[in-house]
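Secondary and tertiary structure notes
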Amino acid sequence: MKINHTDLEDLLKKDLETCSKEHDLQQIKSKYLGKKGHVTILFSSLKDIPSEERKAFGSELNNLKQVITKLIDLKFVDIKRNREITQRLDLDTPARHHQFGSHHPISLVIRRIEKIFSNFGFETHEGPEIETEYYNFESLNIADNHPARDMHDTFYFDSNLLLRTHTSSVQIHAMENRSAPLRVLAPGRVYRCDSDPTHSPMFHQIEGLCVDTDISFSNLKWLLNDFIYKFFESKKIKTRFRPSYFPFTEPSAEMDVMFNGKWLEVLGCGMVHPNVLKNVNIDPKKYSGLAFGLGIERFAMLAYQIKDLRVFFENDINFLEQFENLRES
Ligand code: PHE
């Protein structure tokens, strides 16, 4: 095949365009510059050219050879660089596994309860875990000789400071800070000298308090029943209120819920004792209040069918991972 030297550059460019492998480029190189390559053949045709034209044609061929050599060399560089990039980006590398964290079931239950009560206008109010005797006992009408004040039940730092034994102490802080009327929910850790398979020395409670004019025991019953229906997502669930005793409420009650044919105690509640209101300068003739306190672990055990209290505090990753999908609830 006779090829005109002026077309050779374009021909090469076309060949290079479709070439992406070193091996193919070698073949292209010998097609143009090899022993029987186009350029070599053109050079050997020099001798047939009339002598007066030979010099000009020769230098034209030299230029052409340089251009062609350069284009091929650049393509070699190009192919090498592409190979390095694809080697660095190993498309077969397995994707990295993203490990998401999850909320602890206790936190999930706190959020769920906060959400339900926020629809009734309750706001979260946090109080300190280290308390004085006054906030944990005295202001709540708990007498000096009450057994709960005993060293066997309460962790004392000294004769005055202690770890709160219930979130009821936050009732006092909330009423001191906000006065009446108010609706607050106080979640948090509480501590008692107690440790066995069903008791942990640290556990969680949520305290609820509503003080307003005309708050009655029927408001308390309606509120807590509605809360239980919403928490367990069933209106068919059976509840009952049993008379009980707490120094800071009068009357006092305990609420039971029926699970699998058995009554289970879920919370303590009552009407805020007039002495407690007096302690925070709220007039008990004008205002009345309802209060309740519940153990969060118990609600978490019922909500997620957990049998052993200790799993909440062992931080076993296999246990915690099961709550990953409940992150947003
Ligand atoms: N503080 C009580 C307890 O720890 C619960 C409670 C709170 C009872 C508020 C009545 C009113 O058992």
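Positions within a chain are numbered from 1, following the residues in the order the chain's sequence is written. This being a predicted model, a pLDDT of at least 70 is required before a residue's local features are given, and a value of 80 or more before pairs of side-chain atoms are given or counted; all residues contribute to the totals for chains, interfaces and linings. For side-chain calculations, the full set of non-hydrogen atoms in the structure is used, while hydrogens and water are omitted.

Thoughts on the overall build of the protein
Each helix corresponds to a stretch of at least 4 residues labelled H or I by DSSP, and each strand to a stretch of at least 2 residues labelled E; elements are numbered beginning at the N terminus. If you tally the helices and strands in the protein, you get 12 helices and nine strands. For the radius of gyration, the atoms used are the C-alpha atoms, and the globule rule reads 2.2 Å times the number of residues raised to 0.38. Radius of gyration (C-alpha) of the protein: 42 Å, far over the 20 Å computed for a compact globule of 329 residues. Counting contacts in the protein only where the partners sit at least 6 residues apart, residues at least 24 apart contribute 63% of the total. In the form shown here, the protein has an accessible surface area of approximately 19,800 Å², with 51% of it arising from carbon and sulfur atoms. In the protein, the 43 positive side-chain charges and the 47 negative ones have mean positions that sit 9 Å from each other. In what follows, residue pairs with any heavy atoms lying within 4.5 Å of each other are defined as contacts. Surface accessibility follows the Shrake-Rupley procedure with a 1.4 Å probe radius. Residue values consider only the protein chains on display as shielding. We score Asp and Glu as negative and Lys and Arg as positive, and we do not count His or the chain ends. In plain terms, the charge of a residue is placed at NZ if it is Lys, CZ if Arg, CG if Asp and CD if Glu.

Details of the domain arrangement of the protein
Domain start and end points were adopted from an automatic or database domain assignment. Domain boundaries assigned for the protein yield domain 1 (5-88) and domain 2 (105-323). Spacing between the C-alpha centres of domain 1 and domain 2 amounts to 88 Å.

Brief notes about helix 2 (residues 22-33)
What a helix should span is 1.5 Å times the count of its residues minus one. Compared with an ideal rise of 1.5 Å per residue, which puts 12 residues at 16 Å, helix 2 spans 16 Å between its outermost C-alpha atoms and is within 8% of the ideal. Exposure categories follow from relative accessible area, calculated using a 1.4 Å probe and restricted to protein chains: below 20% of the type maximum is buried, above 50% is exposed, and the middle band is partly exposed. All of the buried residues along helix 2 are Leu-25, Ile-28 and Tyr-32. Projected down its long axis, helix 2 carries its buried residues within an arc of 55 degrees, all on one side. The secondary structure elements touched by the buried residues of helix 2 are helix 1 (8-17), helix 3 (38-44) and helix 4 (51-88). Directions drawn from the helix axis to the C-beta atoms are what define this arc.

Concerning the sheet that holds strand 9 (residues 288-295)
Two strands make a pair as long as DSSP finds a minimum of two bridges between them. Overall, mixed pairing links the seven strands, which are arranged 1-4-5-9-8-7-6 in an open sheet. Whereas interior strands pair on both sides, the edge strands pair on one side only; in this sheet they are strand 1 (123-124) and strand 6 (239-246). One ladder, built from eight bridges, connects strand 5 (residues 202-212) with strand 9; its direction is antiparallel. When the sheet's bridge partners are listed, Val-211 is paired in strand 9 with Gly-289. To obtain an axis, a line is fitted to C-alpha atoms, over the contacting stretch when the element is a helix, and the angle between two such axes runs from 0 to 180 degrees between their N-to-C directions. Lying on the sheet, helix 7 (residues 169-178) is in contact with strand 1, strand 4 (182-191), strand 5 and strand 9; it crosses strand 4 at an angle near 145 degrees.

A few points about the pairing of strand 4
When you tally the buried positions in strand 4, you get eight out of 10 residues, the bulk of the element. Bridge analysis of strand 1 against strand 4 gives two bridges, and the strand direction is parallel. Paired with Glu-123 across the bridge in strand 4 is Val-184. The pairing of strand 4 with strand 5 spans 10 bridges and is antiparallel. Of the residues in strand 5, the one forming a bridge with Tyr-191 is Met-202.

A closer look at a negative patch on the surface
On the surface, Asp-150, Asp-153, Asp-194 and Asp-196 cluster together to form a negatively charged patch. Relative to the elements of secondary structure, Asp-153 occurs in the loop between helix 6 (133-136) and strand 3 (161-163). When its relative accessible area of 34% is taken as the criterion, Asp-153 is described as partly exposed. Surface patches are drawn from residues lacking salt bridges whose relative accessible area is over 30%; two like charges belong together within 9 Å, two nonpolar side chains (Val, Leu, Ile, Met, Phe, Trp, Tyr) within 5 Å. By definition here, a salt bridge exists when the distance from a side-chain nitrogen of Lys or Arg to a carboxyl oxygen of Asp or Glu is within 4 Å.

Digging into the side chain of His-173
Note on placement: His-173 falls in helix 7. With a relative accessible area of 14%, His-173 lands in the buried category. Ignoring sequence-local partners within four residues, the contact set of His-173 consists of His-125, Pro-128, Glu-131 and Tyr-135.

Describing the state of the cysteines
By definition, disulfides here are pairs of cysteine sulfur atoms that lie within 2.5 Å. For the structure on display, the rule yields zero disulfides. Cys-210 takes part in no disulfide bond, and the closest cysteine sulfur to it belongs to Cys-269, at a distance of 13 Å. Of the residues examined, Cys-210 reaches a relative accessible area of 5% and is grouped as buried.

Observations concerning the pattern of salt bridges
Per the counting criterion, the structure on display carries 12 salt bridges. Residue Arg-242 pairs with Glu-265 through a salt bridge whose shortest N-O separation is 3.7 Å. With a gap of 23 residues between them, Arg-242 in strand 6 and Glu-265 in strand 8 (residues 262-272) connect regions that are remote in the sequence. For Arg-242, a relative accessible area of 27% translates into the label partly exposed. Of the charged contacts, one joins Asp-308 and Arg-310 as a salt bridge, the two residues approaching to 3.1 Å between their closest N and O atoms. Judged by relative accessible area, which is 42%, Arg-310 ranks as partly exposed. Through salt bridges with shared partners, a single ionic network connects Arg-240, Arg-242, Glu-254, Asp-256 and Glu-265.

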